[in-house]
Protein chains: 2
Amino acid sequence: MKIVLIGAGNVGYHLGRKLHGVGKDVVQVFSRRRNKAILLAELINANAVSSFNKIDLSADLIILAIHDDGIKDVGNKLAQIGCENKLVVHTSGATPLTIFANTGLKRYGIFYPLQTFSISKEPKFETIPFCVDANSRKDLDKLKNLALKISPNVNYINDEQRAIIHVAAVFVNNFTNHLFHIAQDILTEKNISLELLKPLINETIEKIETNDPIKMQTGPAIRRDEETIKRHLKLLNKNSDYRKIYQILTKSIQNVNN
Amino acid sequence: MKIVLIGAGNVGYHLGRKLHGVGKDVVQVFSRRRNKAILLAELINANAVSSFNKIDLSADLIILAIHDDGIKDVGNKLAQIGCENKLVVHTSGATPLTIFANTGLKRYGIFYPLQTFSISKEPKFETIPFCVDANSRKDLDKLKNLALKISPNVNYINDEQRAIIHVAAVFVNNFTNHLFHIAQDILTEKNISLELLKPLINETIEKIETNDPIKMQTGPAIRRDEETIKRHLKLLNKNSDYRKIYQILTKSIQNVNN
């Protein structure tokens, strides 16, 4: 199976190296930023390309690890240059399978690793859930088998499910991370390091390993400790976003536990 | 050093057992709920008491592991029954040292383990930061030394600092846990388990082990990917609290990263 990887950003960089690592033949890395393409291509013994008419038409699978808003365009271009019968997949949690429907491509799918990637941090692929989908049973099986080379955690997930998974991922990753930032921000003002709260952060996660979050809820909101809530809001006076976040999360905790 | 422990809830239960475990002499466990007092007292070779006039007046230290709104009352009662020269401390992050100022007590302090406790989960005390304070240098040293028997992470923290630590703890623990609940809630509706997101949750925490959260921020908010944000808000249509949480957190991420 010859693979062309389009995109050499966070996802492309790690996925490309992993595919190479498990013995898959990534023949080309495409990126409009030529030096990014070269950097990754050299690591995985592939060729770097930066224009669509150089894409290897003998490839079996083309993986788009690119921004959501570029997927449709690239799908169109691939169909135009003669890839209409290749299996083309994207790696996005936010983009439906049907994005490819009117591109001219006949075989398409999704190969979505449910994780947050940074260049500087090596992902543990063996723990990453892969969410796969395709517009044919045969290609779905192909994608499942490919994902299983990388991780045992492979799931068939349709558009509707993946859309909600992506929202949920925003809550547990993006928003959680922002709450950590807020904590750091207000602590720094009093010369306190976020380090002091890391054991608490770790415990917060450990508790939901084996318990539903709703059963682990503690704090002034669920206790309806209005005195403490009032004091906290006063301490957040300087930042109206932080105040609003405190208020709506408190209200939501109370509504959920009514 | 003879210790009387007032309160046999989550904090009292674990702290009492730990103090006993490191060889401290907890002579009495007080709880208005007699069976709770007995349960803990039996585990740590102490006497269970349920009325204030039975409190051992030979104690050196009285620890209040009780609800915030009971601290002042209990302080008053302890002064009345002849404990005015004992060192009396509370374990609350939300309550200032000055709560004891007009109780009649002469020596008081704070012995606050910065962690969330549940009866069912054994805390790792050796990782828990202890925040201590007292109204005299001598008693502060006493509390520091006692805390050091339990954890190497002992910090002198004044009222102003502890108040902000407590708000920050609400963000990283209570609110984070609620975000996990929201994720589980919206996933369950589509028959998806929160298990699928646990690798992502773990990675979210791992990333801030060595990086500031603000540098780890990803997602549609910081990318200003308005299309995805719109789609997500549509998916959250059924729950107005969840929608508002999504909106204000998105806005706050954008304002912080302006």
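Predicted, not measured: the structure shown is a model, and the values here were computed from it.

### Considering the side chain of His90 of chain B
Residue and element names in this part refer to chain B.
- Counting through the fold element by element, His90 comes out in strand β5 (residues 87-90).
- Polar contacts involving the side chain of His90 include one to the main-chain amide nitrogen of Ser92, which spans 3.0 Å.
- A distance of 3.1 Å separates the side chain of His90 from the backbone oxygen of Thr95, its partner in a polar contact.
- Beyond its immediate stretch of four places on either side in the chain, His90 contacts Leu64, Ile71, Thr95, Pro96, Ile99, Phe100, Gly109, Ile110, Phe111 and Tyr112.

### Focus: the side chain of Gln254 of chain A
- The residue Gln254 of chain A is located in helix α9 (residues 240-256) in this model.
- Sequence-distant contacts of Gln254 of chain A, defined by excluding residues within four places in its chain, comprise Ala221, Arg224, Glu226 and Ile229 of chain A.

### Overview of the relation of the copies chain B and chain A
- When chain B is fitted onto chain A, the two copies agree to an RMSD of 0.0 Å after a turn of 180° and an axial shift of 0.0 Å. Here the copies are linked by what is in effect a two-fold axis. Considering only C-alpha atoms, the part of chain B nearest the rotation axis is Thr176 of chain B, at 2.8 Å.
- Most of the interface of chain B is mirrored in chain A, where 99% of its interface residues again form contacts.

### So, the interface of chain B and chain A
- Taken together, the contact between chain B and chain A spans 87 residues of the former and 86 residues of the latter.
- Of the roughly 8600 Å² buried between chain B and chain A on both sides combined, carbon and sulfur atoms contribute 66%.
- Where chain B touches chain A, the interface holds ten salt bridges.
- Glu206 of chain A serves as the salt-bridge partner of Lys124 of chain B, at 2.8 Å between the closest nitrogen and oxygen.
- Contributions of two or more residues to the side of chain B that touches chain A are made by α5 (159-188), α6 (198-210), α7 (220-223), α8 (226-235) and α9 (240-256) of chain B.
- When residues in the side of chain B that touches chain A are grouped by element, the largest group, 26 residues, is from α5 of chain B.

### A short note on unusual backbone geometry
- At Asn191 of chain A, a position not held by glycine, the phi torsion is positive, near 60°.
- When its relative accessible area of 73% is taken as the criterion, Asn191 of chain A is described as exposed.
- The phi angle at Arg224 of chain B is positive, at roughly 50°, despite the residue not being glycine.
- Residue position: Arg224 of chain B is located in the loop between α7 and α8.

### Quick look at the environment of Lys238 of chain A
Residue and element names in this part refer to chain A.
- Within the secondary structure layout, Lys238 lies in the loop between α8 (226-235) and α9.
- The class for Lys238 is exposed, based on a relative accessible area of 72%.
- A C-alpha to C-alpha distance of 9.9 Å links Lys238 and Ile186, two positions 52 residues apart in sequence.
- Polar side-chain contacts of Lys238 include one of 2.5 Å to the side chain of Glu189.

### Digging into the sheet that holds strand β6 (residues 107-113) of chain A
Residues and elements named next belong to chain A.
- A sheet is described by the order of its strands in space; here eight strands give the open sequence β3-β2-β1-β4-β5-β6-β7-β8, paired in mixed fashion. Among the strands making up the open sheet, the edge pair consists of β3 (47-49) and β8 (154-156). Going across the sheet, the axis of each strand differs from the next one's by a mean of 25°, ignoring polarity.
- Relative to β3, strand β2 (residues 25-30) is paired through three bridges, and the arrangement is parallel. Residue pairing for β3: Val29 is matched across the bridge by Ala48.
- On the sheet, helix α5 (residues 159-188) packs against β6, β7 (130-134) and β8 and is oriented at approximately 30° with respect to β6.

### Observations concerning the pattern of salt bridges
- The final tally for this structure, using the stated rule, is 26 salt bridges over all chains.
- A salt bridge links Lys198 of chain A to Glu195 of chain A; its shortest N-O distance comes to 2.8 Å.
- Residue classification places Lys198 of chain A among the buried positions, given a relative accessible area of 9%.
- Take Glu195 of chain A: its relative accessible area is 47%, and that puts it in the partly exposed class.
- We note a salt bridge from Arg162 of chain B to Asp159 of chain B, for which the minimum N-O separation is 2.9 Å. Of this pair, Arg162 of chain B and Asp159 of chain B both sit in helix α5, three residues apart, roughly one helical turn.
- You can call Arg162 of chain B buried: its relative accessible area is 1%.
- Since its relative accessible area comes to 22%, Asp159 of chain B is described here as partly exposed.

### Re the pairing of strand β1 (residues 2-6) of chain A
Residues and elements named next belong to chain A.
- The buried fraction of β1 amounts to four of the five residues, a majority that puts the element mostly inside the structure.
- Where β1 and β2 come together, five bridges link them in parallel fashion. Within β2, the position partnered with Ile6 by the bridge is Phe30.
- In this fold, the crossover linking β1 to β2 by way of helix α1 (residues 10-21) has right-handed handedness.
- Where β1 meets strand β4 (residues 61-64), four bridges bridge the pair, whose relative direction is parallel. Each bridged residue has a counterpart across the sheet, and for Ile3 the counterpart in β4 is Leu61.

### A look at the sheet that holds strand β1 (residues 2-6) of chain B
All names here are of chain B.
- In space, the eight strands of this open sheet follow the order β3-β2-β1-β4-β5-β6-β7-β8, with mixed pairing throughout. At either end of the open sheet lies a strand with only one pairing partner, and these are β3 (47-49) and β8 (154-156). Across the sheet, the mean angle separating the axes of adjacent strands is 25° when strand polarity is ignored.
- Against the sheet, helix α4 (residues 137-148) contacts β4 (61-64), β5, β6 (107-113), β7 (130-134) and β8, and its axis sits at roughly 160° relative to β7.

### Quick word on a positive patch on the surface
Residues and elements named next belong to chain A.
- Judged by side-chain charge, Arg32, Arg33, Lys36 and Lys77 come together as a positively charged surface patch.
- Locating Arg33 in the fold gives a position in the loop between β2 and α2 (34-43).
- Among the residues examined, Arg33 registers a relative accessible area of 52% and is labelled exposed.

### Brief notes about the packing of aromatic side chains
- On inspection of all chains with the given rule, the structure shows 16 aromatic pairs over all chains.
- Pairwise contacts between aromatic rings join Phe111, Phe117, Phe125 and Phe130 of chain A into one cluster.

### What about the environment of Leu15 of chain A?
Residues and elements named next belong to chain A.
- With respect to the element layout, Leu15 can be found in helix α1.
- Since its relative accessible area comes to 1%, Leu15 is described here as buried.
- Not counting residues up to four positions away in its chain, the partners in contact with Leu15 are Ile63, Thr91, Phe111, Phe125, Phe130 and Ile150.

Conventions used here
- Residues numbered from 1 in each chain as written.
- Chains lettered and ligands numbered in written order.
- Predicted model: local features only at pLDDT ≥ 70, side-chain atom pairs only at ≥ 80, totals over all residues.
- Heavy atoms only, no water.
- Helix = DSSP H or I, 4+ residues; strand = E, 2+ residues; numbered from the N terminus.
- Polar contact = N/O pair within 3.5 Å; in protein donor to acceptor, adjacent residues only side chain to side chain.
- Contact = heavy atoms within 4.5 Å.
- Least-squares fit on C-alpha atoms with pLDDT ≥ 70 in both.
- Buried area = accessible area lost by both parts, 1.4 Å probe.
- Salt bridge = Lys/Arg side-chain N within 4 Å of Asp/Glu carboxyl O.
- Buried < 20%, exposed > 50% of the residue type's maximum accessible area, 1.4 Å probe, protein only.
- Pairing = 2+ DSSP bridges.
- Axes fitted to C-alpha atoms, helices over the stretch in contact; angles between N-to-C directions.
- Right-handed = clockwise from strand over helix to strand, strands pointing away.
- Patch = residues over 30% accessible without salt bridge, like charges linked within 9 Å, V, L, I, M, F, W, Y side chains within 5 Å.
- Areas by Shrake-Rupley, 256 points an atom, 1.4 Å probe, with all protein chains shown as cover.
- Lys, Arg positive; Asp, Glu negative; His and termini not counted.
- Charge placed at Lys NZ, Arg CZ, Asp CG, Glu CD.
- Phe/Tyr/Trp six-rings, centres within 6.5 Å; stacked < 30°, edge-to-face > 60°.

All we've got here are geometric facts, nothing functional implied.
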